[in-house]
2 protein chains.
Amino acid sequence: MIVSVDDHVVEPPHVWERWLPERFRDRAPRIERKGIAGMRHIGGGTYEIEYDDDAPQADCWVFEGQVLPHKRHVAAVGFDRDEMTLSPITYDEMRPGCYDPKARIDDMLMNHVEASLCFPTFPRFCGQTFLEANDKELAHACVLAYNDWMVEEWCGDGGGHLVPLIIIPLWDVDAAVAEVERNAARGVHAVCFSEIPPHLGLPSIHSGYWDPLFAACAANGVVVCMHIGSSSKMPATSGDAPVAVAATLSFGNAMASMSDFLFSGVLVRYPELRLAYSEGQIGWIPYILERADDVWLEHRAWGGVRDLVPEPPSTYYHRQIYGCFFRDNHGLASLDEVGVDNITFETDYPHTDSTWPHTKEVAEKMFADLDDATIRKIVRTNAIRMLHLDLD
Amino acid sequence: MIVSVDDHVVEPPHVWERWLPERFRDRAPRIERKGIAGMRHIGGGTYEIEYDDDAPQADCWVFEGQVLPHKRHVAAVGFDRDEMTLSPITYDEMRPGCYDPKARIDDMLMNHVEASLCFPTFPRFCGQTFLEANDKELAHACVLAYNDWMVEEWCGDGGGHLVPLIIIPLWDVDAAVAEVERNAARGVHAVCFSEIPPHLGLPSIHSGYWDPLFAACAANGVVVCMHIGSSSKMPATSGDAPVAVAATLSFGNAMASMSDFLFSGVLVRYPELRLAYSEGQIGWIPYILERADDVWLEHRAWGGVRDLVPEPPSTYYHRQIYGCFFRDNHGLASLDEVGVDNITFETDYPHTDSTWPHTKEVAEKMFADLDDATIRKIVRTNAIRMLHLDLD
């Protein structure tokens, strides 16, 4: 049975209306159904939307005057690859496993998945939606409400099949530390973070600003999970490039982030800290480790790197970083370099890329040349260790 | 004997004063010696400079009011790794092989290098200096003067050891085509181009704007050489990251550019076109090819990619793209995926990363597990084919 460290929840309509304190509820993110004739991404998760009552209906999150329709590619399970468009969608058209925990567990079990870590959708991959909100008191309450729903409701009744993953108020490191500690006390071992905080207008990991957060995560065994897209700005070449270019390069910020951490000294100062790159795939890791070690060795006069990073950077990768993949033959062919203890597996339910419901077949084909002990580490025990799960 | 497809020339002081037409000469880029107490890179190759007559002297290019000191890391041969700083330098302190073709050939031959393709320094990797010039008539004349010096003087007397590589007026595709054709007629088979033209404020490769250039290169057997840095903007995480992070990620734009070309249809429309990624290394190529083919297969509803690109993208890589490396064990361990006919070798003389004068030892160690026929392709015959050299 698989432990998947990267799936997604489409939040059901009631999350904030039920879990926000009374005084915030009239301003809670809520779902409205609208006819949508067209939508165009204008950057940072914001869309220019053309409404038309006679057009196909979509369920939309409405928050602080922004309207964000649900889109088919983030609730893609059950649709054919050739139907996989960016068009809007209602809850009624989604497979219930997208938003309902009981239905999700059924979908997991039929796909040989025993446990799943789910990233947020409306809050975006590390809670950027609330970082960008105007009313930060409301936004802070929304972060806490999401986490309460995540822990108590999404994971609460799931018999351990659903593993909690929280978000933090990214604009206030002290409040973020408090939220990590509040949730660690009820058994949460995973928090969302941005691959590259400066891309969100936040201090870098080199600034020292985030050290209290890293310290809290290290002290409480909370793995820092950075999903592709958690920098908002994706790697890109030009506005008129086919979408396929950005899809190919989607791991770029994960790669940049890993280089950033390897040379930051953060992993040296917090040896118990663990990082996870979600949906980043792994086939690029051997090159980055070799290049980072080469730069560490050859460019040593260029800026005191050895004071910050006393051992070759790959040392800290092997000790403290987890990669994650769903389909990556080159990465598997390079297991000696990627590290058999450093990689975890995902199904990416319910996104376009998801291998559901054929994950086992995909895995068996990919893992054909590996021995059982290695496969077990990759699909299960590395994730159990990373997430402190009560499984064998 | 090695054929190196990525080295660098530090232009001698007389290039433009000798090769520009008479009427431009008083405005030619020229060298002035100045005392420099400090310099700080403020982006796009421009430095904020603190002058002091009592400070160490540097030779500086002066052009259109800009002052650009020579820096030690671009003339690094002969210095120890621990002396490799960004500090200014004079021609007198440089090893003559940096700027003198006869001295260069001596340095090549003692390092088992038979032929070398050299990128520009003052014009930057694809001629950005002249793209950014205010007077475009002068800039155009400077491009032609550089190419005349490159062909007639740098390579002219070298008995074929030095291989010409031209620049183009990037702001005018018709003039660029004319320059490719003018030089092809005297045996030039390599031209500098930008990995990602939009990063220079130019149209993308998807726009169709560059098609006449690609057509001219394909028709004349001129390989399009894109050096790391030819997008000016390097991949970066944050301003306060150690230099080592950017050095580790220096191949990022090459990787983005290759993805861009694979999905552009350019390689489909111009099957005779050849691209070369210089100093990009190769260890990341297997992952990108696998990912691009996966995206092509799995995301097919996302935007008509199959109309532009009828075969899996890796098909065009193997047919039309060359990688290039100087040290990359992972890439060599993945030769089946990188393609034994797709990679070339470099010494990066006289940059910080250069393996000179130990290239043969470095190569022998790296190639220990390869057979002689494979080594010969990598260090020699692939480059001979790519550059249409008159060598065996």
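Residues numbered from 1 in each chain as written. Chains lettered and ligands numbered in written order. Predicted model: local features only at pLDDT ≥ 70, side-chain atom pairs only at ≥ 80, totals over all residues. Heavy atoms only, no water.

### Here we look at the interface of chain A and chain B
Line of reasoning, step 1. Between chain A and chain B, the residue contacts involve 59 residues of the former and 59 residues of the latter.
Line of reasoning, step 2. Note on chain A versus chain B: buried area summed over both sides is about 5,200 Å², and carbon and sulfur give 59% of it.
Line of reasoning, step 3. For Asp294(B), the salt bridge identified is with Arg327(A), shortest N-O distance 3.8 Å.
Line of reasoning, step 4. Inspection of the region where chain A meets chain B yields 13 residue pairs in polar contact (both at pLDDT 80 or more).
Line of reasoning, step 5. Elements with a minimum of two residues in the side of chain A that touches chain B: helix 7 (243-248), helix 8 (252-262), helix 10 (285-298), helix 11 (305-308) and helix 13 (329-333) of chain A.
Line of reasoning, step 6. If one sorts the elements of the side of chain A that touches chain B by residue count, helix 10 of chain A sits on top with nine residues.
Line of reasoning, step 7. Broken down by class, the residue content of the side of chain A that touches chain B amounts to 27 nonpolar, 18 polar and 14 charged. (Contact = heavy atoms within 4.5 Å. Buried area = accessible area lost by both parts, 1.4 Å probe. Salt bridge = Lys/Arg side-chain N within 4 Å of Asp/Glu carboxyl O. Polar contact = N/O pair within 3.5 Å; in protein donor to acceptor, adjacent residues only side chain to side chain. Helix = DSSP H or I, 4+ residues; strand = E, 2+ residues; numbered from the N terminus. Nonpolar A, V, L, I, M, F, W, Y, C, P; charged D, E, K, R; others polar.)

### Concerning the sheet that holds strand 5 (residues 66-69) of chain A
Residue and element names in this part refer to chain A.
Line of reasoning, step 1. If you trace the four strands from one edge of the open sheet to the other, you get 3-2-4-5, paired in antiparallel fashion. Each end of this open sheet is capped by a strand with a single partner; those strands are strand 3 (47-51) and strand 5. Going from strand to strand, the sheet's axes swing by 65° on average, the running direction of each strand aside. (Pairing = 2+ DSSP bridges. Axes fitted to C-alpha atoms, helices over the stretch in contact; angles between N-to-C directions.)

### Quick word on the nonpolar core
Line of reasoning, step 1. Trp16(A) and Trp16(B) are the most contacted members of the largest nonpolar core, which totals 272 residues.
Line of reasoning, step 2. Apart from the residues within four sequence positions on either side, Trp16(B) is in contact with Glu11(B), Ala28(B), Pro29(B), Trp61(B), Phe122(B), Pro123(B), Phe130(B), Cys142(B), Ala145(B) and Tyr146(B).
Line of reasoning, step 3. Core analysis: the second largest hydrophobic core is formed by six residues, Ile36(A), Ile49(A), Ala58(A) and Val67(A) among them. (Core = buried A, V, L, I, M, F, W, Y, C linked by side-chain atoms within 4.5 Å. Buried < 20%, exposed > 50% of the residue type's maximum accessible area, 1.4 Å probe, protein only.)

### Section: the relation of the copies chain A and chain B
In this arrangement, two copies of a chain are superimposed by a rotation about an axis accompanied by a shift along the axis.
Line of reasoning, step 1. Mapping chain A onto chain B is achieved by rotating through 180° and translating by 0.0 Å along the same axis, at an RMSD of 0.0 Å. Seen this way, the second copy is the image of the first under a two-fold rotation axis. Considering only C-alpha atoms, the part of chain A nearest the rotation axis is Trp284(A), at 2.7 Å.
Line of reasoning, step 2. A shared binding surface is used by both copies, with 100% of the interface residues of chain A retained as interface residues in chain B. (Least-squares fit on C-alpha atoms with pLDDT ≥ 70 in both.)

### Some thoughts on the sheet that holds strand 3 (residues 47-51) of chain B
All names here are of chain B.
Line of reasoning, step 1. Spatially, four strands are ordered 3-2-4-5 in an open sheet, and the strand pairing comes out antiparallel. In this open sheet, the two strands that pair with only one neighbour each are strand 3 and strand 5 (66-69). Direction aside, neighbouring strands of the sheet carry axes that sit 65° apart on average.
Line of reasoning, step 2. Bridge count for strand 2 (residues 30-41) against strand 4 (residues 57-63) is six bridges, and the pairing is antiparallel. From the neighbouring strand, Glu32 faces strand 4, where its bridge partner is Cys60.

### Thoughts on the pairing of strand 2 (residues 30-41) of chain A
Line of reasoning, step 1. In terms of strand pairing, strand 2 of chain A meets strand 3 of chain A through five bridges, oriented antiparallel. From the neighbouring strand, Gly38(A) faces strand 3 of chain A, where its bridge partner is Glu50(A).

### Notes on the pattern of salt bridges
Residues and elements named next belong to chain A.
Line of reasoning, step 1. With the rule as written, the count across this model stands at 40 salt bridges over all chains.
Line of reasoning, step 2. The shortest N-O distance in the salt bridge between Asp148 and Arg186 comes to 2.6 Å. Of this pair, Asp148 sits in helix 4 (residues 136-154) while Arg186 is found in the loop between helix 5 (173-184) and strand 8 (190-192), placing the two residues 38 residues apart along the sequence.
Line of reasoning, step 3. Note that Lys360 is salt-bridged to Glu364, the shortest N-O span being 3.2 Å.

### Quick word on the environment of Pro120(A)
Residue and element names in this part refer to chain A.
Line of reasoning, step 1. Tracing the chain through its elements places Pro120 in the loop between strand 6 (113-119) and helix 3 (128-131).
Line of reasoning, step 2. Through-space distance from the C-alpha of Pro120 to that of Met150 is 9.3 Å; in sequence the pair is 30 residues apart.
Line of reasoning, step 3. When residues no more than four places from it in sequence are discounted, the contact partners of Pro120 are Val9, Glu11, Phe125, Tyr146, Ile167 and Cys192.

### Quick look at the side chain of Ser354(A)
Line of reasoning, step 1. Within the element layout of this structure, Ser354(A) appears in the loop between strand 12 (343-345) and helix 15 (359-366).
Line of reasoning, step 2. A polar contact is formed between the side chain of Ser354(A) and the backbone nitrogen of Trp356(A), at a distance of 3.0 Å.

### Re unusual backbone geometry
Residues apart from glycine generally show negative phi values, whereas peptide bonds are mostly found in trans.
Residues and elements named next belong to chain B.
Line of reasoning, step 1. With an omega dihedral of 0°, the bond running from Tyr349 to Pro350 counts as a cis peptide bond.
Line of reasoning, step 2. Tracing the backbone shows Pro350 in the loop between strand 12 (343-345) and helix 15 (359-366).
Line of reasoning, step 3. Cis peptide bonds are those with omega within 30 degrees of zero, and the linkage from Trp356 to Pro357 qualifies with 0°.
Line of reasoning, step 4. Within the secondary structure, Pro357 sits in the loop between strand 12 and helix 15.
Line of reasoning, step 5. The phi dihedral of Arg124 falls on the positive side, at around 70°, and the residue is not glycine.
Line of reasoning, step 6. Summarising the element assignment, Arg124 is placed in the loop between strand 6 (113-119) and helix 3 (128-131).
Line of reasoning, step 7. Its relative accessible area of 16% is what places Arg124 among the buried residues.

### Considering the packing of aromatic side chains
Line of reasoning, step 1. Under the criterion given, the structure shown has 42 aromatic pairs over all chains.
Line of reasoning, step 2. Taking 6.3 Å as the distance between ring centres and 70° as the angle between the ring planes, the aromatic pair formed by Phe325(B) and Phe367(B) counts as edge-to-face. Of this pair, Phe325(B) sits in strand 11 (residues 321-325) while Phe367(B) is found in the loop between helix 15 and helix 16 (372-387), placing the two residues 42 residues apart along the sequence.
Line of reasoning, step 3. Among the aromatic side chains, those forming a connected cluster through ring pairs are Trp16(A), Trp61(A), Phe63(A), Phe122(A), Phe130(A), Tyr146(A), Trp149(A) and Trp154(A).
Line of reasoning, step 4. Here Lys136(A) stacks its cationic end above the ring of Trp171(A), 5.4 Å away from the centre of that ring. (Phe/Tyr/Trp six-rings, centres within 6.5 Å; stacked < 30°, edge-to-face > 60°. Lys NZ or Arg CZ within 6 Å of the ring centre and 35° of its normal.)

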